[in-house]
Structure formats: C-alpha cells, structure tokens
Amino acid sequence: DEVAQGKGIKCSLCTKALKKIQALAGDNPDEAAVAAAMQKGCRALGRTMGRLCQRLLKKYRDQITDGLQNGDTPRDICTAMGICQS
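It should be emphasised that the depicted structure is a prediction, and the values quoted were computed from it without experimental measurement. (Residues numbered from 1 in each chain as written. Predicted model: local features only at pLDDT ≥ 70, side-chain atom pairs only at ≥ 80, totals over all residues. Heavy atoms only, no water.)

> Account for the state of the cysteines, with residues named and values stated.
Going through the model one piece at a time under the given rule, you end up with 3 disulfides. Across the disulfide from Cys-14 sits Cys-78; the S-S distance is 2.0 Å. Between Cys-14 and Cys-78, the S-S torsion sits near -95°, and that sign places the bridge as left-handed. Note that Cys-14 is positioned in helix H1 (residues 2-25) and Cys-78 in helix H4 (residues 74-80), a separation of 64 residues in sequence. Grouping residues by exposure puts Cys-14 and Cys-78 together as buried. Sequential numbering of the bridged cysteines in the protein gives the disulfide pattern 1-6, 2-5, 3-4. (Disulfide = S-S within 2.5 Å. Helix = DSSP H or I, 4+ residues; strand = E, 2+ residues; numbered from the N terminus. Buried < 20%, exposed > 50% of the residue type's maximum accessible area, 1.4 Å probe, protein only.)

> Let's hear about the packing of helix H2 (residues 31-43) against helix H3 (residues 47-70): which residues, and what values?
At a closest axis distance of 10 Å, the pairing of H2 and H3 adopts a crossing angle of 155°. In this view, H2 runs roughly antiparallel relative to H3, as classed from their interaxial angle. Relative to H3, the crossing made by H2 is right-handed. Contacts between H2 and H3 pair Glu-31, Val-34, Ala-35, Met-38, Gln-39 and Cys-42 from the former with Gly-50, Cys-53, Gln-54, Leu-57, Arg-61, Ile-64, Thr-65, Leu-68 and Gln-69 from the latter. Considered class by class, the residues forming the contact of H2 with H3 number 8 nonpolar, 5 polar and 2 charged. (Axes fitted to C-alpha atoms, helices over the stretch in contact; angles between N-to-C directions. Parallel < 35°, antiparallel > 145°, perpendicular 65-115°, else oblique. Left-handed = near helix turned anticlockwise from the far one by under 90°. Contact = heavy atoms within 4.5 Å. Nonpolar A, V, L, I, M, F, W, Y, C, P; charged D, E, K, R; others polar.)

Okay, here's the thing in structure tokens:
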C-alpha cells in the first residue's frame, strides 16, 4: 500500500541523509560539528531531497544529534524517530 511505500522512501532518505551527516560530522562530533554536517549533508542531496532533509532535521534535530553523539547507526536513529520500521 501507499503508506508503506511512503515510509520506505522516507526511511531510505532518512538513512541516506544520516549516513552523509555522520560521515561529515566525524567520529566524535560535538553539537556544532553535527549542526554543520546537517547543513552540508542536506545540501548534498540536491534541491527536492534537500528540502525534505531540512524538514526532517528541524523536526528531529535533538534526536539526531543525540543519536550521532551516542554512535548509533543511521538506521537505528531513523527507526527511533519512527521513520523506519524496525
């Protein structure tokens, strides 16, 4: 069904964006490093995906920052935010 497909697309976008952000933020990122990586990571996804990415980051900024600082995988973070199904 469409909802599941939408979830799949959002899930892969979330995972892709967080992988990029994680790579940009480095191994032991502080909040500033994560914030800078979020900006760069979304821009790297192009215009349409970049806008979705920005919206995602605004809504879940704290959870993403905490997750990356805890060393969680992008998939785990997206699942914790309810975007991906576990």
